Amino acid sequence: MNLLSQLATSFQNAFHADPLLICSPGRVNLIGEHTDYNEGFVLPAAIDKAIYLAVGLRSDDELHFIAHDLGKKYQGSLASLAPTHTWADYLLGVIAQFRLAGHSVGGLNCVFSGTIPMGAGLSSSAALENGIGFALNELFGLGLDRLTLLKLSQRAENEFVGAKVGIMDMFASMMGKADHVIKLDCRSLEYTYAPLRMDGISIVLCDSRVKHSLVTSEYNTRRAECEAGVRFLQTYYPEIKSLRDVTMAMLDEHLRNTEPLIYRRCAYVVQENQRLLDGVAALEEDDIVTFGQLMYGSHEGLSHWYEVSCPELDALVDIARQQPGVLGARMMGGGFGGCTINLVHEESLDAFSEQIMKQYKAQTGKDTYIHVCKIQDGTHVVDESVTV
Ligand code: GAF
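What counts and how
- Residues numbered from 1 in each chain as written.
- Predicted model: local features only at pLDDT ≥ 70, side-chain atom pairs only at ≥ 80, totals over all residues.
- Buried ≥ 20, exposed ≤ 12 C-beta atoms within 10 Å, placed from the backbone.
- Helix = DSSP H or I, 4+ residues; strand = E, 2+ residues; numbered from the N terminus.
- Pairing = 2+ DSSP bridges.
- Near = placed C-beta within 6 Å.
- Nonpolar A, V, L, I, M, F, W, Y, C, P; charged D, E, K, R; others polar.
- UniProt positions renumbered as here; feature names shortened; annotations may be inferred.
- Contact = placed C-beta atoms within 7 Å.
- Axes fitted to C-alpha atoms, helices over the stretch in contact; angles between N-to-C directions.
- Expected span 1.5 Å × (residues − 1).
- Domains from an automatic or database assignment.

**Some thoughts on the pairing of strand β3 (residues 44-57)**
Counting buried residues along β3, 12 of its 14 residues qualify, which places the element largely inside the surrounding structure. In the sheet, strand β1 (residues 20-29) pairs with β3 via nine bridges, with the strands oriented antiparallel. Considered in β3, the bridge of V28 is made with A45. Summarising the sheet, β3 and strand β6 (residues 108-114) pair through seven bridges and their orientation is antiparallel.

**Considering the site of the ligand**
In the neighbourhood of the ligand, the contacting residues comprise E33, H34, D36, Y37, S123, V165, G166, M168, D169, G333 and G334. Here the shell around the ligand is built from residues that sort into three nonpolar, five polar and three charged.

**A word on the UniProt feature "binding site: substrate" (unreviewed entry) in the protein chain**
Under the UniProt annotation, "binding site: substrate" (unreviewed entry) lies at E33, H34, T35, D36 and Y219. Across 187 residues in sequence, these annotated residues keep their C-alpha atoms within 12.5 Å of one another, forming a single compact spot. Along the chain, T35 turns up in the loop between β1 and β2 (41-42). Residue classification places T35 among the buried residues on the basis of 27 C-beta atoms within 10 Å. If we skip the residues at most four places from it in the chain, T35 touches G40, F41, V42, C186, V269, E272, N273 and L276.

**As for the sheet that holds strand β8 (residues 191-195)**
Strand order across the open sheet formed by three strands is β2-β7-β8, with antiparallel pairing between neighbours. Whereas interior strands pair on both sides, the edge strands pair on one side only; in this sheet they are β2 and β8. Where β2 meets strand β7 (residues 180-185), two bridges bridge the pair, whose relative direction is antiparallel. Looking at the pairing, F41 lines up with D185 of β7. Packing against the sheet, helix α5 (residues 168-175) makes contact with β2, β7 and β8, and its axis sits at approximately 140° to β7.

**Here we look at helix α9 (residues 288-305)**
Compared with the 26 Å implied by 1.5 Å per residue over 18 residues, the 25 Å span of α9 between its first and last C-alpha is a close match. What α9 keeps buried is the set F291, G292, L294, M295, S298, H299, G301, L302 and S303. Considering only its buried residues, α9 is in contact with α8 (260-284), α10 (311-321), β10 (326-331) and β11 (337-345). Looking at the residues trailing α9, positive phi occurs at E307, about 55°.

**Looking at the domain arrangement of the protein chain**
Parsing the protein chain into structural domains produces domain 1 (3-197 + 376-382) and domain 2 (201-373). A separation of 25 Å is found between the C-alpha centroids of domain 1 and domain 2. Contact with domain 1, which involves 28 residues of that partner, is made by 38 residues of domain 2. Among the elements that take part in the side of domain 1 that touches domain 2, β3 stands out by supplying three residues, more than any other. Here the residues of the side of domain 1 that touches domain 2 are counted per class, giving 12 nonpolar, eight polar and eight charged.

**Let's talk about the UniProt feature "domain: GHMP kinase N-terminal" (unreviewed entry) in the protein chain**
Those places that UniProt annotates as "domain: GHMP kinase N-terminal" (unreviewed entry) correspond, in this numbering, to residues 90-177. Secondary structure content for residues 90-177 is 58% helix and 8% strand, while the C-alpha to C-alpha distance between its ends is 24 Å.

Structural data, given as structure tokens:
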């Protein structure tokens, strides 16, 4: 049975009512990693892997959630919104943020499922947060715009879940547009949609199937290291607000010898921001070859300077680099596991998949999962007749 029909049936069986169905996609990011919380640029897009939610109102103040794929339930009430340190926090956190922001919401039923592989770094958490926020807005007629909704999602993740993530994942999932990437300025939140003109080239994800248990703490540490670099430089340049305002010359002069670790972290971010700008210029000229080279540069920086890669992600990029028809490859997202993103000529796709699977298994003993992405619209209401 179609996933959406399954979800609707499961909702009807549990709550004896028809649900509103919502599709909330995961994201890719072409280039610009760990730049969002440094007020830099990112280049993400929403993809055809998503969280699907069936939602409906309750007549009381209770919250009843069912994680369809996990076979787990949560029951609580609006009066006692506290972190549970489980999947339910992505839903509870958003509801808590709506209430803190003064938006009046009542009891809710929700069953959700998804096609985003767990822990693959494709932002299933942002998709779930956006999905429930979108649902609250629809069901309670709040009239909030998408930007407000995605900011509430980020606040939920920062304050309730405790991951100090930037805004990229929520933004891409909520604001995505089919066949376009989003060039987002994470300082001003100004954005433009750029059509993806990559005829004959596919965006391919290779899942390392590694999920590092330290991902949240290491992520928060990287963020703190960047902030430490900014504080240090502010003693020389008080006008600096974030790494967005920093140049390599400033880092070389004041951090290179005194704070080598902080220097490497900050230098990666400053260079990655420039790589993104160069990459956008290359895409505007349909120069995918240059864009692909910048992706390899991004991976080098993430692996050796920012140190958020892992042997499995490095292996996937190394293998990809040696295959014919591959223009660029790099780890994507927070790191320490998850997926690589690859640009591959369509006629080379089969050979690429075969070699990646074979060589990755030989080098790491692990299987990979390969997905050719389509770029789709952001969070939206969906009909049960849509085949998922
Ligand atoms: C994770 C975070 F959620 C994003 O905000 C971003 O920082 C990304 O890692 C790295 O670019 O996905």
